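# Working through the structure, step by step
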Amino acid sequence: MNAADLTAWIRRAAELVAADAERLTELDAAIGDGDHGHNLARGLATAVDVLDELPADASPQQVLTTAGRTLVSKTGGASGALYGMALRRAGKALKVDEIDARWLGAALREALAGVQDLGKAEEGDKTMVDALARAVAAFDAARHEGADLAGAARAAAAAAEEGAQATVPMQARKGRASYLGPRSVGHLDPGAASTALILRALADVTGGEG
Amino acid sequence: MGKVGLVVVSHSRRLAEGVAELAREIGMHRVRVQAAGGDVDGGLGTSFDLVDSAVRTVDDGAGVVLLADIGSAVLISRLFVEEADTTAVLADAPLVEGAVAAASMAAAGADLDAVVAAAQSAYEVRKS
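Residues numbered from 1 in each chain as written. Chains lettered and ligands numbered in written order. Predicted model: local features only at pLDDT ≥ 70, side-chain atom pairs only at ≥ 80, totals over all residues. Heavy atoms only, no water.

An unreviewed UniProt entry annotates chain B as phosphoenolpyruvate--glycerone phosphotransferase originating from Thermomonospora cellulosilytica. Listed in UniProt under the heading Subunit (unreviewed entry), the comment for chain B reads: "Homodimer. The dihydroxyacetone kinase complex is composed of a homodimer of DhaM, a homodimer of DhaK and the subunit DhaL." In its Catalytic activity (unreviewed entry) section, UniProt records this for chain B: "dihydroxyacetone + phosphoenolpyruvate = dihydroxyacetone phosphate + pyruvate". (UniProt positions renumbered as here; feature names shortened; annotations may be inferred.)

Let us now look at helix α5 (residues 77-93) of chain A. Its 17 residues give α5(A) an end-to-end C-alpha distance of 25 Å, which sits within 8% of 24 Å, the value for a rise of 1.5 Å per residue. The buried count for α5(A) comes to 15 of 17 residues, which makes it a mostly enclosed element. (Helix = DSSP H or I, 4+ residues; strand = E, 2+ residues; numbered from the N terminus. Expected span 1.5 Å × (residues − 1). Buried < 20%, exposed > 50% of the residue type's maximum accessible area, 1.4 Å probe, protein only.)

Before going further, it helps to spend a moment on the packing of aromatic side chains. Residue and element names in this part refer to chain B. Applying the stated criterion to the full structure yields one aromatic pair over all chains. Where Phe 48 meets Phe 80, the ring centres are 5.9 Å apart and the plane angle is 55°; that geometry is what we call tilted. Placement of the pair is Phe 48 in helix α2 (residues 48-58) and Phe 80 in helix α3 (residues 71-83), with a sequence separation of 32 residues. Residues Phe 48 and Phe 80 agree in their burial class; the two are buried. (Phe/Tyr/Trp six-rings, centres within 6.5 Å; stacked < 30°, edge-to-face > 60°.)

Our focus in this paragraph is the interface of chain A and chain B. Counting from both sides, the interface comprises 15 residues of chain A and, opposite them, 11 residues of chain B. Taken together, both faces of the contact between chain A and chain B bury some 1,100 Å²; the carbon and sulfur share is 57%. Joining chain A to chain B, the criterion identifies two salt bridges. Our enumeration of links across chain A and chain B arrives at four residue pairs in polar contact (both at pLDDT 80 or more). Breaking the side of chain A that touches chain B down by element, the ones donating at least two residues are α4 (60-75), α5 and α6 (101-119) of chain A. (Contact = heavy atoms within 4.5 Å. Buried area = accessible area lost by both parts, 1.4 Å probe. Salt bridge = Lys/Arg side-chain N within 4 Å of Asp/Glu carboxyl O. Polar contact = N/O pair within 3.5 Å; in protein donor to acceptor, adjacent residues only side chain to side chain.)

Here is the structure:
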C-alpha cells in the first residue's frame, strides 16, 4: 500500500465512524462523558479535508502524521490525543513509499506503543488498548503464518472486534468509567468500539490487494 | 534568566481562569500564569491548541510548568510536553494546590526543577 491507500484508510475510517457516531456516543454516555462518536467523526472528517490538500507526492509518513496532528487539534478530549498519538507514531515508523505487510505491522506496533505511552493503559483496563493490542498481535501472527497485507489486515480487524467485545465484562480502570467501579461492568468500551471500526476500515481498503 | 511560567489546563474555562487568578495572586503578580480551559469554542473540554498558545504566552526562556485537572487535560498536556520545542514539564500535582505551590516557588525566582518539585509536594498536604 502507498500514501494514497493510507488516505483512503482515513477516509473509510471517517465514513464508518460517522455512520456509527450515534451508537458510539450512546456507549460513551453510559460510562464516559457522552461525546465520543460525534467528536471522533468530526475529527476524522476534518483529517480527510486536510489530507485532500496535501501535495500529490506526499509520503506515507506525511499522510499519517498530518492526520494525527489534525485529530489532536480537531477531535478534542482523550480520544483526539490518543488517536492523534497513534497515527503520528505509526506515521513516523513508515520510512518508505511502498508499504508491505512488514512495514504496516511495524506501524501498528508503534501506534499501540504510542497509545500506551500516553494513556498508561494495559490490556484488561477496558480501553481502546484491549482492541488495538489484539489487532496488533493478530496482524503479526497472520503475517508469520504467511498472510499477505490484506490477509493480515483482515485478521487484525477481526481481532479488534473481539477485543472490543471482550471489554463488556471488564471493570474500567482508566478514564471517567473508572470512577464507576463495578458499575462500569456490562458496557462496551466506546474507545475499543471505535478502534474496531478503524481497523475494519484498514481491512476494507486493503481488501483489493488480496 | 526570567521566571518560570505556569499554564493551568482544565476542562472548564472558568475553572482554569479561577485557578490562574489565585496563582497570580499567590505569586504576588510576579509570575506569568495563563489559563488553557475548555475547548476552542469555550465549552467544556480540552484543546491542544489552547495549551500550545498559552505556553507561548508565558514562556520567557526559563521553562513552563503545566498543571492539569483530569483525563484528557492530562493526556494533551503529556502530548504537548512530548511534542514541544520549548522546555515544558507536566507537574504530577493536584490542580489548585499544585498551581499555588508552583506560583509561590516561581515568584521566589526558583528554577524549573524547583517549581515542579513544589507543585508535586502539594500532594503531601493532608486536609484531615
